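What follows is each chain in one-letter form.
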Amino acid sequence: GIKSAPATPYMEAEYVAVEDGGITSHYIKRAKLYNHTAIYTKEFSGQTQLQNLDFSDASNNITVIESNAFEYALVDGLVLPNTISVLGPACFANAYITTLTIPPLVTVLPDYAFSYIQPVHNTETGEELPINIILPQNLTKIGNSCFEGALIKQITIPDTVTEIGESAFFFCRKLESITCLAATPPALGFDAFSDA
């Protein structure tokens, strides 16, 4: 049978046109989400002009960010809902980030979650803005290659982390400072900090 349209939309979005070499592409600039239980696989992948995502509608109960949901996306200033408890592999891979606070219910950072994340540059000065990933206080594990190749300069690892996976910080060439708050150092996978 034919289903009726939902009372509320899936997403309301404002787009911006970007011309590159004579080709015009349209990107999401702002969006308000409705009826979401997850940020789905590749939902905002490649959205390099994204300035605001509004999760506030009561129809949302977002508990998961699926794999590659924000890969290559601009997530500058993104505020994630506190209802999120699971992150999928490579969910923010290659994303452009300044500050991102991981929700408090997340206990595991999956493989490749923040691999090759990149800084945002100030549009007026061209200055590179530092990346600040704020990890939750209940985090227990940082997965394999989680931050591989990420252009982070510093990170604080909560005292609840007991395991840091293989190549977790491999090739983090800009990493200057790691603060680990654990009294007992976490178990390290092979090459966890190699080439960092």
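Refer to the structure presented above.
Please read these numbers as outputs of a predicted model, since none were measured by experiment.

Engineer: Outline the packing of aromatic side chains, supporting the account with residue identities and numerical values.
Structural biologist: Scanning the entire structure with this criterion turns up seven aromatic pairs. Arranged with centres 5.1 Å apart and planes meeting at 5°, the rings of Phe70 and Phe92 form a pair that is stacked. With Phe70 in the loop between β5 (64-65) and β6 (86-87) and Phe92 in the loop between β6 and β7 (99-101), this residue pair connects regions lying 22 residues apart in the sequence. In this structure Phe92 comes out as buried when scored by relative accessible area, which is 0%. Taking 5.2 Å as the distance between ring centres and 15° as the angle between the ring planes, the aromatic pair formed by Phe114 and Phe147 counts as stacked. On the criterion of sequence distance, the pair formed by Phe114 in the loop between β8 (108-109) and β9 (132-134) and Phe147 in the loop between β10 (141-142) and β11 (154-157) is long-range, its members being 33 residues apart. Judged by its relative accessible area of 0%, Phe114 falls in the buried class.

Engineer: Which residues make up the nonpolar core, and what are the values?
Structural biologist: Counting residues in hydrophobic clusters, the biggest one holds 47 residues, and the most contacted among them are Phe70, Phe92, Leu109, Phe114, Ile142, Phe147 and Phe169. Looking at this core, the element that brings in the most residues is strand β2 (residues 23-33), giving three residues. Filtering out sequence-adjacent residues up to four positions away, Leu109 remains in contact with Leu87, Ile102, Phe114, Leu135, Leu139, Lys141, Ile142, Gly143, Cys146 and Phe147.

Calculation criteria
- Residues numbered from 1 in each chain as written.
- Predicted model: local features only at pLDDT ≥ 70, side-chain atom pairs only at ≥ 80, totals over all residues.
- Heavy atoms only, no water.
- Phe/Tyr/Trp six-rings, centres within 6.5 Å; stacked < 30°, edge-to-face > 60°.
- Helix = DSSP H or I, 4+ residues; strand = E, 2+ residues; numbered from the N terminus.
- Buried < 20%, exposed > 50% of the residue type's maximum accessible area, 1.4 Å probe, protein only.
- Core = buried A, V, L, I, M, F, W, Y, C linked by side-chain atoms within 4.5 Å.
- Contact = heavy atoms within 4.5 Å.

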